[in-house]
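In case you want the letters, here they are:
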Amino acid sequence: MRYQRLKSCVVAIGLGLLAGVACAQTTTCSTSDLKPVDGITVSLDHLGVTLTWQGERDQQLRAHFVVNPHQPIVEELAARTKGGQWIVLGRNLTPQFEVTTGKRRMANTEMDILKKQDAVTPENLERYKWNVFWDAPLAIDGHSHLVGPPRSPGEVARAASAFNTTACTVTSDGARVSVRFNGLTLGLFTGDLQYTVYKGSNLLRQEALAKTPAPDVAYIYKAGLKGFAIAADTKLVWRDTSQVWQENDFGGEPNQQPVNLRARNRLEILEAGGGSLAILPPPHKFFFARENEVNLGYVFYRKDDTNSVTLGVMQPEHGEGYAPWGVSDEVWKRRTGVAREQTENYALYNAPPATLQRMAVYFYLSPTDAHATLGAVMAYTHDDVYKPIPGFKVVTGHFHLELNEMARDHGTADLAPSWIPVFRGIGINIVYLGDFHDDSDGHDPGPKRLAEQKAYFDATARLSDKNFLVMPQEEVNDYLGGHWYLMTPTPLYFTHSGPRPAGQPFVETDPAYGKLYHLGSAADVLNMINDEKAILWTAHPRTKSSALYPDTYKDKDFFLSDRFIGASWESLPVDLSEKRLCEVRCFGVNDDMSNWAPKPKFMLAEGDTYMKQPSDDTYPQLAVNYLKLDRVPAYNESWSPIVEGIHNGNFFGTTGEILFHSWAIEGSGARSIYTADIEYTFPLDFAELVWSDGAKVDRQIIPLTATSAFGTRTFRIPFDATGKKWVRFAVWDSAGNGAWLQPVAPK
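The structure presented is a predicted model; accordingly, all values stated were derived computationally and were not measured.

Chemist: What is the right way to read the overall build of the protein from this model?
Modeler: The helix and strand inventory of the protein stands at twelve helices and 43 strands. For the protein, the spread of C-alpha atoms along the principal axes amounts to about 95 × 65 × 50 Å. Within the protein, the proportion of its 747 residues that are buried is 62%. Relative to all contacts within the protein whose residues are 6 or more apart in sequence, the contacts with residues 24 or more apart total 70%. Total accessible area on the protein stands at roughly 26900 Å², and carbon and sulfur atoms take up 50% of it.

Below you can see the structure in the form of structure tokens.
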């Protein structure tokens, strides 16, 4: 990396540089933390700060930044092939951010549990306020699931970015360079604007780094660049939710508001001057938990006048329910009601006071046309598919897809539900369902439930295929406390309608259904689990109806059993200040469970969502498990290889961009070595080895900012296993994507 040999420099930047008049200001630009990076050139002079860097496939990219009185400007974005002419993709672009803020509140569900457990303390009120799922801070007139008075319009505020920039810094960190401008104000937030480029990648990350001192803030944001010129060859292209190419040549009237596009893969591409510029959000961290994955439109354009357009990413202010279904009027009415309720579960991001929120958008600079650029961008998420790995199968579940009700409403088990192509299209091999949740008669003592279970089993059997298994499982939720999930190695008939009546056997042989269990207590649950070699776990720990769980039953026999494997992992809540997805709730409960129990517990990545359509944007809102498995069992075989593989922790969780190929612990005691082999797409950020002696959790952070995009890496991390009860390993990338292994007891 080349740069002027100055610890700081004065960059004379102002209206004069852009309009040919005298400079209006000077901005001091610090380079004290700037170190050479091979492949990135930094030029600092009276014209501003220019980053020129080596991208993918021998392409070169360039970004030039200036300050036009107190306002940072991206004076130029350009790209070229090796030895070719520079193609200008945009000039004189103004960074734009908008936030919509509301008030975070606790849900009545969590409050009722706290009251029942006599656990209403200031600490719990604060914790469960931020862990809320049933919240929609912008739904003023909606049905309230929340503690306190109805929402008022005064709780919602909207603001656009303003700048009073007086300084900038240019820093390096491994194989990346950042330019940071101070003086950002964004409604309740204040902070900085930062741009980051990565050696070996065409990506440019723009982000607001901002804090708020206000309590109870939930928010969404828009981020982009204003001022792209509309020329004769300018057009915006994207694929719609049916993967058909669409375009806008900006021949219509100007817009008053951003127009959000329901673009496939969360991607829009501007073609200009023979090159193209893609606009996209972070693949997973941009999304907060909802009850469906309906594509709401996450990229936008706004034609500001006849000559220019603004482009960026956004979260709309309103959610939507899934596409309702139903043959009978009764089912149609129920499903439209469920869909309507889902619009009021739109929780936004958390912004606890004084946390540094990162509101990011990516630009991908390219000297090629939009079709080639789309292929290059999609490589970062393997085309939104969970890439096959030899020796592994992709497992996910906890989906309330109403298959039982659908089969009965249609009068046949021979169905082609809309969710089958969703899962198969993104590379899922094994999906376990969760019927009897808002459908059917789950608590019926037998006459209705058993017939419905048979319909459930028949339908899943006919939907399963080679290398694709649909498992009929259930979120049972009775007897233990909170919500919990059951996975069995075969279709299993059982009832759970309350305490078992006197004289009713625990297990019997039914003439129509065969072996049948009647559950009436926690002891019955554990006995059935042991008899059937099944497994169970806490669903959505420390949130929703599992607030205070598994904490409340950490000393119970069923929890201490090795058949109780742990809890589910879902990216909830989303706090953009956290370096890891679900950093506090998910990994916090994983570490606590492993300390409480005789053996380490695991986190099984789940969805916990409802009906799906191929037009949905499922990939970015899902994490999955890669299970060590040579083949997918057929439906009529035992599913024990799946159940026991999960029981033994032979899997890793991932958002899809980082994949483990192998892992192990070599040696023992003070001479232990944790080994792992990975592949990845986005430049990495860090890896961590986490351990505990059964009481205190500690970790070793391995910085990985020197990595470029698209690579492999082998880890050999020496550690002292003496006195350690368990150890786990995870890797996280620069876009917030991650992969994590299960805790294991070292030798």
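Chemist: Sorry, what's going on with the sheet that holds strand E41 (residues 711–719) here?
Modeler: Consider a sheet: its strands pair through backbone hydrogen bonds, and that pairing is either parallel or antiparallel. Taking strand neighbours across the sheet as the criterion, the three strands line up as E37-E38-E41 in an open arrangement whose pairing is antiparallel. The sheet is open, and its two borders are formed by strand E37 (658–666) and E41, each paired with just one other strand. The sheet shows a mean angle of 15° between the axes of neighbouring strands, taken without regard to direction. Pairing of E37 with strand E38 (residues 672–680) involves eight bridges; the strand directions are antiparallel. Its bridge partner being in E38, Ser-662 is matched across the sheet by Asp-677.

Chemist: Sorry if this is basic, but what is going on with the packing of aromatic side chains here?
Modeler: What describes a pair of aromatic rings is the distance from one ring centre to the other and the angle between the planes of the rings. For the structure shown, the criterion picks out 51 aromatic pairs. Ring geometry for Tyr-485 and Trp-537: centres 5.4 Å apart, planes at 10°, overall stacked. Residue Tyr-485 is located in strand E28 (residues 484–487), and its partner Trp-537 is located in strand E32 (residues 535–538); the two are separated by 52 residues in the primary sequence. Judged by its relative accessible area of 0%, Tyr-485 is buried. In this structure Trp-537 comes out as buried when scored by relative accessible area, which is 0%.

Chemist: Can you help me understand the pairing of strand E19 (residues 275–280) in this one?
Modeler: On a regular strand, each side chain points to the face opposite its neighbour's, so the side chains alternate between the two faces of the sheet. Burial of E19 is extensive: six of the six residues sit out of reach of the surface. Here strand E18 (residues 268–272) runs beside E19; their pairing, made up of five bridges, is antiparallel. Note on E19: the bridge partner recorded for Leu-270 is Leu-277. Where E18 folds back onto E19 in an antiparallel hairpin, the turn is made up of two residues, including Gly-273, whose phi is positive at roughly 65°. As paired elements, E19 and strand E23 (residues 357–366) share five bridges and run antiparallel to each other. Bridge pairing links Ile-279 to Phe-363 in E23.

Chemist: Is there a simple way to think about the side chain of Glu-268 in this case?
Modeler: Inspection of the secondary structure puts Glu-268 in strand E18. For the buried Glu-268, no salt bridge exists, and the shortest N-O distance to an oppositely charged side chain is 11 Å, to Arg-302. Among the polar contacts listed, one links the side chain of Glu-268 to the backbone nitrogen of Gly-312, at a separation of 3.5 Å. If sequence neighbours within four positions are ignored, Glu-268 has contacts with Leu-236, Val-237, Trp-238, Leu-261, Leu-277, Ala-278, Ile-279, Val-299, Phe-300, Tyr-301, Leu-311 and Gly-312.

Chemist: Mind showing me how you'd approach the pattern of salt bridges here?
Modeler: Note that side chains of opposite charge can pair when their charged atoms are close. All told, the structure shown has 48 salt bridges when counted by the stated rule. Across the pair Asp-551 and Arg-542 runs a salt bridge whose closest N-O atoms are separated by 2.9 Å. Accessibility expressed as a relative area gives 5% for Arg-542, which makes it buried. For Arg-728, the salt bridge identified is with Asp-591, shortest N-O distance 2.8 Å. Of this pair, Arg-728 sits in strand E42 (residues 726–733) while Asp-591 is found in helix H11 (residues 585–596), placing the two residues 137 residues apart along the sequence. On the accessibility criterion, Arg-728 (3% relative accessible area) is buried.

Chemist: Please explain helix H9 (residues 522–532) as it appears in this structure.
Modeler: Because each turn of an α-helix spans 3.6 residues, side chains separated by three or four positions end up pointing in the same direction. All buried positions along H9 are accounted for by Asp-524, Val-525, Leu-526, Met-528, Ile-529 and Glu-532. Contacts from the buried residues of H9 go to E28, strand E29 (493–495), strand E31 (514–518), E32 and helix H10 (557–560). A positive phi of about 55° marks Lys-533, the residue just after H9.

Chemist: For this particular structure, what's the right way to read helix H8 (residues 447–463)?
Modeler: Helix length check: H8 (17 residues) gives 25 Å between terminal C-alpha atoms against 24 Å at 1.5 Å per residue, within 8%. Taken together, the buried positions of H8 are Arg-449, Leu-450, Glu-452, Gln-453, Ala-455, Tyr-456, Phe-457, Ala-459, Thr-460 and Leu-463.

Chemist: Would you mind showing me how to read the state of the cysteines here?
Modeler: Working definition: the covalent bond between the sulfur atoms of two cysteines is a disulfide. As enumerated under the stated definition, the model contains one disulfide in all. One disulfide bridge connects Cys-582 with Cys-586, the sulfur atoms lying 2.0 Å from each other. A torsion of 70° about the S-S bond marks the disulfide between Cys-582 and Cys-586 as right-handed. Cys-582 gets classed as buried once you look at its relative accessible area, which sits at 2%. A relative accessible area of 0% means that Cys-586 is categorised as buried.

Rules behind the numbers
Throughout this document, residue positions are counted from 1 along each chain, in the order its sequence is written. Whole-chain, interface and lining totals are the exception, using all residues; otherwise, since this is a predicted model, local features are given only for residues with pLDDT of at least 70 and side-chain atom pairs are given and counted only at 80 or more. The side-chain figures draw on all heavy atoms in the structure; neither hydrogens nor water molecules are used. Strands are runs of DSSP state E lasting at least 2 residues, helices are runs of H or I lasting at least 4, and numbering of each runs from the N terminus. Partly exposed residues are those whose accessible area sits between 20% and 50% of the maximum for their type, while under 20% is buried and over 50% is exposed, using a 1.4 Å probe and protein chains only. Whether two residues are in contact is decided by their heavy atoms, any of which lying within 4.5 Å being enough. Computed with a 1.4 Å probe, the accessible areas rest on the Shrake-Rupley method; for each residue, only the protein chains presented here act as cover. Two strands form a pair only when DSSP identifies at least two bridges running between them. Every axis corresponds to a line fitted to the C-alpha atoms, with the helix fit spanning only the stretch in contact, and the corresponding angles, defined between N-to-C directions, vary from 0 to 180 degrees. Stacked, tilted and edge-to-face pairs are distinguished by plane angle, under 30 degrees for stacked and over 60 for edge-to-face with tilted covering the rest, among Phe, Tyr and Trp rings (Trp via its six-membered ring) whose centres lie within 6.5 Å. Think of it this way: Lys and Arg go in the positive column, Asp and Glu in the negative one, and His and the chain ends go nowhere. When a carboxyl oxygen of Asp or Glu is within 4 Å of a side-chain nitrogen of Lys or Arg, the pair counts as a salt bridge. As used in this structure description, the phrase polar contact means that two N or O atoms lie within 3.5 Å; if the pair is within protein, one of them must be able to donate a hydrogen and the other to accept it, and residues adjacent in sequence are counted only when both atoms belong to side chains. Expected helix span is given by 1.5 Å per residue-to-residue step, counting one fewer step than there are residues. For the purposes of this analysis, a disulfide is any pair of cysteine sulfur atoms at a distance within 2.5 Å.

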